[in-house]
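# Close look at the chain arrangement
As a plain string of letters, each chain reads:
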Amino acid sequence: MPRRTDRPPHTVAVLAYDGLCTFEFAIAVEIFGLPRPELGPDWYRFAVHPIQSGPLRATGGIRICAPQRNALARADTIVIPGWCDPETDPPPALLSALRRAHARGARLLSICSGVFVLAATGLLDGRRATTHWLHAERLRARYPRIEVDPGVIYVDEGQLLTSAGSSAGIDLCLHLVRRDYGPAVANQIARRLVVPAHREGGQAQYVERPVPRRERAGVGPLLDRIRAGLDQPWPVPRMAEQMHMSERNFLRRFREATGRPPGEWLLGERLARARELLETTTHPVDAIAERCGFGTAAALRHHFARRIGLSPQRYRERFSQRAE
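In this text, all values refer to a predicted model and were calculated from it rather than measured experimentally. (Residues numbered from 1 in each chain as written. Predicted model: local features only at pLDDT ≥ 70, side-chain atom pairs only at ≥ 80, totals over all residues. Heavy atoms only, no water.)

### Details of the pairing of strand S1 (residues 11–16)
A regular strand carries its side chains on alternate faces of the sheet. Put simply, the rule is: Each residue gets one of three labels from its accessible area relative to the maximum for its type: buried under 20%, exposed over 50%, partly exposed in between, using a 1.4 Å probe on protein chains only. Secondary structure elements follow DSSP: runs of H or I no shorter than four residues count as helices, runs of E no shorter than two count as strands, and numbering proceeds from the N terminus. When DSSP finds at least two bridges between two strands, those strands are taken to pair.
Burial within S1 is extensive, with six of its six residues counted as buried. Covered by surrounding structure in S1 are Thr11, Ala13 and Leu15 together with Val12, Val14 and Ala16, the residues of both alternating faces. Summarising the sheet, S1 and strand S2 (residues 45–50) pair through six bridges and their orientation is parallel. Bridge assignment links Ala16 to a residue of S2, and that residue is Pro50. Inspection of the sheet shows S1 paired to strand S5 (residues 77–80) by three bridges, in the parallel sense. Bridged to Val12 within S5 is Thr77.

And the structure:
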């Protein structure tokens, strides 16, 4: 396993509390807490931090008994599962501990309604965040200084990471593994979980309505043709013509099928292909830009910086499988 760039061992602590969301707590345990001797001695260290004393009730009749140790004081990453009640203020001592952890450089990650705990610290003020779409308006109303984006599955703001519904927490945790250990290790964990290895954070949380079978049959071949020809221009008129539809009808059908407008979907596919080539080949950046339909290396760098937060070269240095 490639060594982390920061100091090992890296400790991940997950919060536990009365009324705990069992599935979201289990996501953190499954990804960060299971022994993985095949990945070597630099794998995460794991701790549970109960914020109350005594056995804690979790959804489904489960009780959690965790020793009260001050895991937050030494944790490098803190996972906040869905909070028991978005209208209930988290304990002041917990908020103070999270602020101290952030001040010393720890990462804070929330799953679903866990964002209400993170929001209560004030650390998300002026930053972008997400949560389950059912909670988005409540979060926006209660914390108006946060830029709430209910249309994505997770947001990575460096030290502060937020995710949408429960399954999006898996995506965000795998994204963090990918940041720390590279794509090969993240893919290995995903295979163990039998889930997709990587979903971009900007992917839509949900499609507005189920797509009828005949519509899927119509849109699917077009998506396959576009993926096979990302180096070509794909303006909306060309897509609509291949679907034998008016542009207006095509735009409606495309969004129903993918959850995104054509331009946004196409950019995501081009970025995904560029990431794959940066990870697995030594092709020059300008050649990758051309093969993925960006045209120039400058355009590829622009979109990488805006959507991924890294330059293509820096991304390659961090995630290239050939460097492992």
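### Regarding the confidence of the model for the protein chain
Heads up, the condition is: As a per-residue measure, pLDDT tells how confident the predictor is, with possible values from 0 to 100. Only heavy atoms enter the contact rule, under which two residues are in contact if any of them lie within 4.5 Å.
Per-residue pLDDT for the protein chain averages 86, and the proportion of residues at 70 or more is 89%. Considering only residues more than four positions removed or in separate chains, one finds that residues 1–6, a stretch of pLDDT under 50, has 15 contacts. Here residues 206–217 scores under 50 on pLDDT; set against residues more than four positions off or in separate chains, the count is 16 contacts.

### Some remarks on the packing of helix H1 (residues 22–33) against helix H5 (residues 166–181)
Our working rule: Here the axes come from fitting lines to C-alpha atoms, over the contacting stretch only for helices, and the angles between their N-to-C directions go from 0 to 180 degrees. Oblique is the label for any angle not under 35 degrees, not over 145, and not in the 65 to 115 range, which are roughly parallel, roughly antiparallel and roughly perpendicular in turn. The sense of a crossing depends on the near helix, which, turned anticlockwise from the far helix by less than a right angle, makes the crossing left-handed and, turned clockwise, makes it right-handed. We call Asp, Glu, Lys and Arg charged. Ala, Val, Leu, Ile, Met, Phe, Trp, Tyr, Cys and Pro are nonpolar, and the rest, Gly among them, are polar.
With their axes 10 Å apart at the nearest point, H1 and H5 run at an angle of 25 degrees to one another. Classified by the interaxial angle, the pair formed by H1 and H5 is roughly parallel. Considering how the two elements wind past one another, H1 and H5 form a crossing that is right-handed. Judged by residue contacts, Phe23, Glu24, Ile27, Ile31 and Phe32 of H1 engage Ser166, Ser167, Gly169, Ile170, Cys173, Leu174, Leu176 and Val177 from H5. Along the lines of polarity and charge, the residues of the contact of H1 with H5 split into nine nonpolar, three polar and one charged.

### Points about the pairing of strand S6 (residues 107–110)
Note the following rule: Handedness rule for crossovers: strands pointing away from the viewer, path from the first strand over the helix to the second running clockwise, crossover right-handed.
Side chains Arg107 and Leu109 of S6 all project onto a buried face; the interleaved residues Leu108 and Ser110 project onto the opposite face, where all are buried too. Pairing analysis gives four bridges linking S5 to S6, with the strands arranged parallel. Its bridge partner lying in S6, Thr77 is registered against Arg107. Crossover S5 to S6 through helix H2 (residues 92–103) is right-handed. Sheet analysis places S6 next to strand S10 (residues 160–163), joined by three bridges and oriented parallel.

### Some remarks on the pattern of salt bridges
This is how it is decided: Think of a salt bridge as a Lys or Arg side-chain nitrogen and an Asp or Glu carboxyl oxygen that are within 4 Å of each other.
Summed over all chains, the structure comprises 16 salt bridges. In this structure, the salt-bridge partner of Arg107 is Asp180, at a minimum N-O distance of 2.8 Å. Of the two residues, Arg107 sits in strand S6 while Asp180 sits in helix H5, which places them 73 residues apart along the sequence. Classification of Arg107 by relative accessible area gives buried; the value is 8%. Here Asp180 falls in the buried class, since its relative accessible area comes to 12%. One salt bridge connects Glu317 with Arg314, and the closest N-O pair in it is separated by 3.6 Å. A residue pair is termed a helical-turn pair when its members lie 3 or 4 positions apart in one helix, as Glu317 and Arg314 do in helix H13 (residues 312–319) at three residues. Judged by relative accessible area, Arg314 falls into the partly exposed class, the value being 36%. Here the salt bridges share partners, and the residues they tie into one network are Asp224, Arg227 and Glu269.

### Focus on the packing of H5 against helix H6 (residues 183–193)
Contact geometry for H5 and H6: axes closest at 7 Å, N-to-C directions at 150 degrees. Considering the angle they form, H5 stands roughly antiparallel to H6. Considering the relative orientation of H5 and H6, their crossing is right-handed. Here Ile170, Leu174, Val177, Arg178 and Tyr181 of H5 come into contact with H6, specifically with Pro183, Val185, Ala186, Asn187, Ile189, Ala190 and Leu193. Grouping the constituent residues of the contact of H5 with H6 by class yields 10 nonpolar, one polar and one charged.

### Thoughts on the state of the cysteines
Formally: Count a disulfide wherever a pair of cysteine sulfur atoms falls within 2.5 Å.
Considering all chains together, one arrives at zero disulfides under this definition. Counting only cysteine sulfurs, Cys112 is the nearest neighbor of Cys21, a cysteine outside any disulfide, at a range of 6.9 Å. The class of Cys112 is buried, set by a relative accessible area of 8%.

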